[in-house]
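# Structural characterization, general
Now for the letters of each chain:
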Amino acid sequence: MGSRIRLIAVSLAVIGSVAYLILSGVKQTGLHYMTVTELARAQSPPEEGGFRLDGRVAIGTVQYDQKAPQLLFQMTDGKEMIGVVYPGLMPDAFGGGREVVVEGTFDPRARTLHATKLVTKCPSKYEAEGLGKDKT
Amino acid sequence: MSEIGRLSVLLAFLCSCFAVVSIAWGLRTGMAGPLKSGRRAVWMVCGLTLLAIIVLERALIARDFSFRYVAEHTSLDLPPMYAFSSLWAGQEGSLLLWLFVLSAYGAAFLWSYRKRLDPFYDAVAMVVAGVMVFFTSLLTFVSPPFRILATPPADGNGLNPLLQDPGMMIHPPILYTGYVGFIIPFAFGIAVLLMNRTGTRWIEEVRRWTLFCWMFLGFGVLLGARWAYVELGWGGYWGWDPVENASLMPWLVGTAFLHSVMVEQRRGMMKTWNVALIVLTFELSIFGTFLTRSGVLTSVHSFTESNIGPWFLGFILISSTIATALILYRKALLESENRLDAVVSREGSFLFNNVLFLALTFATFLGTTFPVLSEAVTGAKISVSAPFFNRVNVPIALALLLLTGAGPVLSWKRVTASVLKRNFLIPVFVGVLATLVGLPFGLHGVYPIVCVFGAAFVIATIVMEFARGIQARKDVAEARGAMAVVSLVEKNKRRYGGYIVHFGMVMIFVGVLGSSVFQKEAHGPLLPGESLALGPYSLKLRGVENKPVANAQHTRAILDVSRGDKYLGPAYPAKAMYFKSQQPMTEIALRQTPAEDLYLILGGVNEDGSASIQAYINPLVSLIWVGGIVMVLGTLIALADRMRLKREEKLGA
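Note that the structure is a prediction, hence the values are computed from the model and not measured.

### Notes on the overall build of chain B
The secondary structure content of chain B amounts to 21 helices and 11 strands. Taken over C-alpha atoms, the radius of gyration comes to 27 Å for chain B, in line with the 26 Å a tight globule of 653 residues would show. In chain B, which comprises 653 residues, the proportion classed as buried is 60%. Relative to all contacts within chain B whose residues are 6 or more apart in sequence, the contacts with residues 24 or more apart total 71%. A total of about 26300 Å² of accessible surface is found on chain B, and carbon and sulfur atoms cover 66% of it. Across chain B, the mean location of the 54 positive side-chain charges is 11 Å away from that of the 40 negative side-chain charges.

Okay, structure coming up:
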């Protein structure tokens with residue numbers, strides 16, 4: 001019976017430490033996942049922690065300094081805009097109107113997101129668009 | 001032609017429905033006739049799906065744009081090999097491939113057991129047919145691949161440039177062979193519960209099927225990482241992206257199962273647990289398909305968004321409910337025959353192995369679905385990304401690494417102090433030695449140190465096990481050197497194959513450590529004649545040139561690469577502009593050596609004629625790929641072991 005108790009004790013210790021890792025991980029690396037409008041209209045955006053925004057690149061707002069490299073653009077969800085600064089190379093599929101996901105810290109005064117990660121969603125061009133109707 | 005495709009999918013649907021009903025009837029009444037025709041119907045599904053694939057492939061290669069699928073995913077300028085592989089570029093084709101792999105597994109299963117007249121195997125076939133009903137109905141009613149356009153366009157939309165890569169040609173079929181293959185273990189598990197099957201023979205059978213698809217899944221995951229590395233052009237190979245996680249999760253649970261199943265074989269313990277693991281592995285592979293197809297989560301790998309998400313969720317819900325109900329209903333069958341004697345024992349180590357693998361899976365699942373979960377629970381959407389996964393999964397993975405060394409040298413039941421001393425003294429010493437050697441080379445931080453210690457520790461235990469095996473067998477010991485190792489492996493393929501798999505895994509750990517902790521980066525704009533220094537490398541820009549390649553225009557920088565004083569030759573990082581999509585694509589330049597990779601990206605060419613170059617040194621990445629190949633070889637050796645199956649047969653279980 002002794003080994004059974006020991007087994008339970010060790011298992012609890014393992015499960016406890018994994019739970020701790022997960023909870024502290026969420027607390028320290030969790031990102032507020034918001035829409036552009038939610039963040040732009042927030043009276044007092046959460047002060048701590050990073051942000052993750054989904055939206056589109058506003059057409060005509062992209063400024064790219066390839067030498068730095070630095071990428072500046074406005075992100076929109078059709079209602080509001082948020083500026084994004086990304087210190088990295090422009091992803092291949094990036095461009096005005098494209099859907100992007102950015103992660104980083106938010107500067108409420110400048111209404112700007114300092115992105116550490118920028119992912120361009122694959123353009124839906126490769127999906128059924130403009131091919132017309134099926135033959136019935 | 002399209003009618004033939006549509007008709008064969010519809011007939012495949014009817015055949016799978018018939019197979020389920022007919023086998024169920026046969027099992028209920030004990031009549032051989034319905035069982036036989038049910039099995040035949042499963043064969044029919046396989047043939048019909050193959051026919052459907054041939055029809056679609058013919059259209060893809062001929063660029064018959066009257067097929068909607070062909071017009072959506074190919075174009076006239078697409079090289080024929082990518083026209084062939086665009087079968088799995090879109091949803092309908094991918095599902096068709098899924099169904100084909102599924103029915104091929106069904107056929108392979110029936111072929112393997114064609115001489116066994118045991119209704120148990122018919123029950124397995126019935127479960128497989130049940131899953132076929134789901135996929136054929138999706139293809140018939142929800143996502144039909146053979147839609148015809150009223151006005152065929154002159155040219156198609158073209159294939160996504162990201163998918164125009166040789167790795168992407170083989171990655172999905174291999175991954176699917178892994179994913180889909182878990183249907184057989186799942187079907188075995190359900191059939192055991194349905195038929196109230198006792199004995200251990202089925203466990204050995206399931207172990208072999210699982211090993212087979214587990215190997216493909218692991219290899220597929222690594223191919224995906226390799227594709228991300230050379231094609232996505234961000235310098236890394238793994239980003240904890242939802243789609244990557246989706247393929248990792250069934251692999252993790254499958255690995256847990258492959259370990260705990262040994263406890264069941266040896267000691268008759270953990271029976272409920274094992275059936276639950278089989279079910280979970282299968283559900284996670286369906287969940288993986290759901291994640292890549294549903295568009296619920298954002299991913300760099302997800303190329304289609306569609307409406308079939310709810311169907312998959314529904315299928316997962318129904319199948320896991322049935323499985324859970326059956327497990328509860330057959331509780332008595334799954335009663336454990338033994339109790340755990342000691343925590344420090346082989347069984348104990350397998351138990352912790354399982355706890356840790358499930359913890360990894362759980363953390364990965366939680367992290368992947370966190371936005372959805374947190375919104376449901378607290379109302380606020382919280383998302384986690386790579387830092388979370390690294391923080392949580394790295395320590396768990398390191399604990400598993402240590403266990404990889406400790407587990408196999410612990411004896412069953414209980415371990416004596418002298419065994420501990422004999423088996424652990426030298427490996428611990430080797431581990432400490434490796435760490436001490438690493439310190440002057442910039443090894444620092446808790447996790448890297450644990451990783452180096454663990455890697456050396458595991459390798460030492462493996463080497464000792466081989467050495468001991470050779471000594472213990474006189475006939476083996478008489479052979480010399482490498483021959484002794486070969487003949488030892490031949491004696492117990494399963495055991496030593498397993499060690500080889502462990503060795504491959506250690507290589508992957510070291511590769512991940514090297515490339516994540518010791519990566520170096522440099523970037524800058526270079527005018528012709530200027531150089532960029534990165535570690536021991538010097539990259540001198542010779543110039544920039546434009547060059548048309550097949551269906552794209554390449555703009556490439558010519559860099560003269562030197563390491564120290566030694567000139568290594570030119571490298572050509574490029575940007576490709578695809579004519580069809582007008583989308584730029586980064587084509588990296590990669591110089592691979594066993595010690596390190598030089599990874600070069602062309603950011604673009606500037607107005608003043610300078611080229612923006614980003615360069616990485618990724619140490620030890622090649623160990624990841626080689627480790628993957630070693631794992632496949634080890635698994636193949638373990639699969640070649642038919643001894644145990646024969647022994648079970650003799651026992652007449």
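### Description of the interface of chain B and chain A
At the junction of the two partners, chain B supplies 66 residues and chain A supplies 45 residues. Across the contact surface, chain B and chain A share 2 salt bridges. The partner of aspartate 608 of chain B in a salt bridge is lysine 67 of chain A, with the nearest N and O atoms 2.4 Å apart. For the pair chain B and chain A, the number of links is 12 residue pairs in polar contact (both at pLDDT 80 or more). For the side of chain B that touches chain A, the elements supplying multiple residues, two or more each, are α3 (68-73), α13 (346-378), β1 (382-383), α14 (386-406), β2 (520-526), β8 (584-587), β10 (596-605) and β11 (611-619) of chain B.

### Considering the side chain of glutamine 614 of chain B
Structurally, the position occupied by glutamine 614 of chain B is in strand β11. Here glutamine 614 of chain B falls in the buried class, since its relative accessible area comes to 13%. Every residue in contact with glutamine 614 of chain B, bar those within four places of it in the chain, is listed here: Leu89 of chain A together with Glu521, Ala522, His523, Tyr599, Leu600 and Ile601 of chain B.

### Considerations on the nonpolar core
Residue and element names in this part refer to chain B. Membership of the largest hydrophobic core comes to 152 residues, with the highest contact counts inside it found for Phe109, Phe135, Val180, Ile183, Phe188, Trp202 and Phe312. The element best represented in this core is helix α6 (residues 119-142), accounting for 16 residues. Discounting residues that sit within four places of it in the chain, phenylalanine 135 has contacts with Leu95, Trp98, Leu99, Leu102, Ile286 and Phe312. Grouped together as the second largest cluster of nonpolar side chains are 26 residues, Cys451, Tyr496, Val506 and Phe509 included.

### Describing the packing of aromatic side chains
Residue and element names in this part refer to chain B. Overall, the coordinates contain 40 aromatic pairs over all chains when judged by the stated rule. Judged by centre distance (5.5 Å) and plane angle (15°), the ring pair of tryptophan 214 and tryptophan 251 falls under stacked. Remark: tryptophan 251 occurs in helix α10 (residues 242-267) and tryptophan 214 occurs in helix α9 (residues 201-232); sequence separation between them is 37 residues. On the accessibility criterion, tryptophan 214 (7% relative accessible area) is buried.

### Topic: the side chain of arginine 52 of chain A
Residue and element names in this part refer to chain A. Tracing the backbone shows arginine 52 in strand β2 (residues 50-57). Taking the relative accessible area as the measure of exposure, arginine 52 reaches 10% and is therefore buried. A distance of 3.4 Å separates polar atoms of two side chains, one belonging to arginine 52 and the other to tyrosine 33.

### Quick notes on the sheet that holds strand β9 (residues 589-592) of chain B
Residue and element names in this part refer to chain B. The strand order across the open sheet formed by 4 strands is β2-β11-β10-β9, and the pairing between neighbours is antiparallel. The open sheet is flanked by β2 and β9, the only strands paired with a single partner. Each strand of the sheet is rotated relative to its neighbour by a mean of 15°, with strand direction disregarded. Where β10 meets β11, 9 bridges bridge the pair, whose relative direction is antiparallel. Bridge pairing in β11 places valine 605 opposite alanine 611. Docked against the sheet, α9 engages β9, β10 and β11, running at close to 125° with respect to β9.

### Observations regarding empty space enclosed by the protein
All names here are of chain B. In the structure shown here, the tally under the stated rule is 4 cavities of 30 Å³ or more. In this structure, the second largest cavity is lined by 13 residues; those nearest its centre are Leu159, Gln164, Tyr578, Lys580 and Ser581. Each residue belonging to the lining of the second largest cavity can be placed in one class, and the counts come to 5 nonpolar, 6 polar and 2 charged.

Parameters at a glance
- Residues numbered from 1 in each chain as written.
- Chains lettered and ligands numbered in written order.
- Predicted model: local features only at pLDDT ≥ 70, side-chain atom pairs only at ≥ 80, totals over all residues.
- Heavy atoms only, no water.
- Helix = DSSP H or I, 4+ residues; strand = E, 2+ residues; numbered from the N terminus.
- Rg over C-alpha atoms; globule rule 2.2 N^0.38 Å.
- Buried < 20%, exposed > 50% of the residue type's maximum accessible area, 1.4 Å probe, protein only.
- Contact = heavy atoms within 4.5 Å.
- Areas by Shrake-Rupley, 256 points an atom, 1.4 Å probe, with all protein chains shown as cover.
- Lys, Arg positive; Asp, Glu negative; His and termini not counted.
- Charge placed at Lys NZ, Arg CZ, Asp CG, Glu CD.
- Salt bridge = Lys/Arg side-chain N within 4 Å of Asp/Glu carboxyl O.
- Polar contact = N/O pair within 3.5 Å; in protein donor to acceptor, adjacent residues only side chain to side chain.
- Core = buried A, V, L, I, M, F, W, Y, C linked by side-chain atoms within 4.5 Å.
- Phe/Tyr/Trp six-rings, centres within 6.5 Å; stacked < 30°, edge-to-face > 60°.
- Pairing = 2+ DSSP bridges.
- Axes fitted to C-alpha atoms, helices over the stretch in contact; angles between N-to-C directions.
- 1 Å grid on protein atoms, 1.4 Å probe; cavity = no way out; pocket = protein on both sides within 12 Å on 5 of 7 lines; lining within 4 Å.
- Points joined across faces, edges and corners; volume = space filled by probe spheres on them.
- Nonpolar A, V, L, I, M, F, W, Y, C, P; charged D, E, K, R; others polar.

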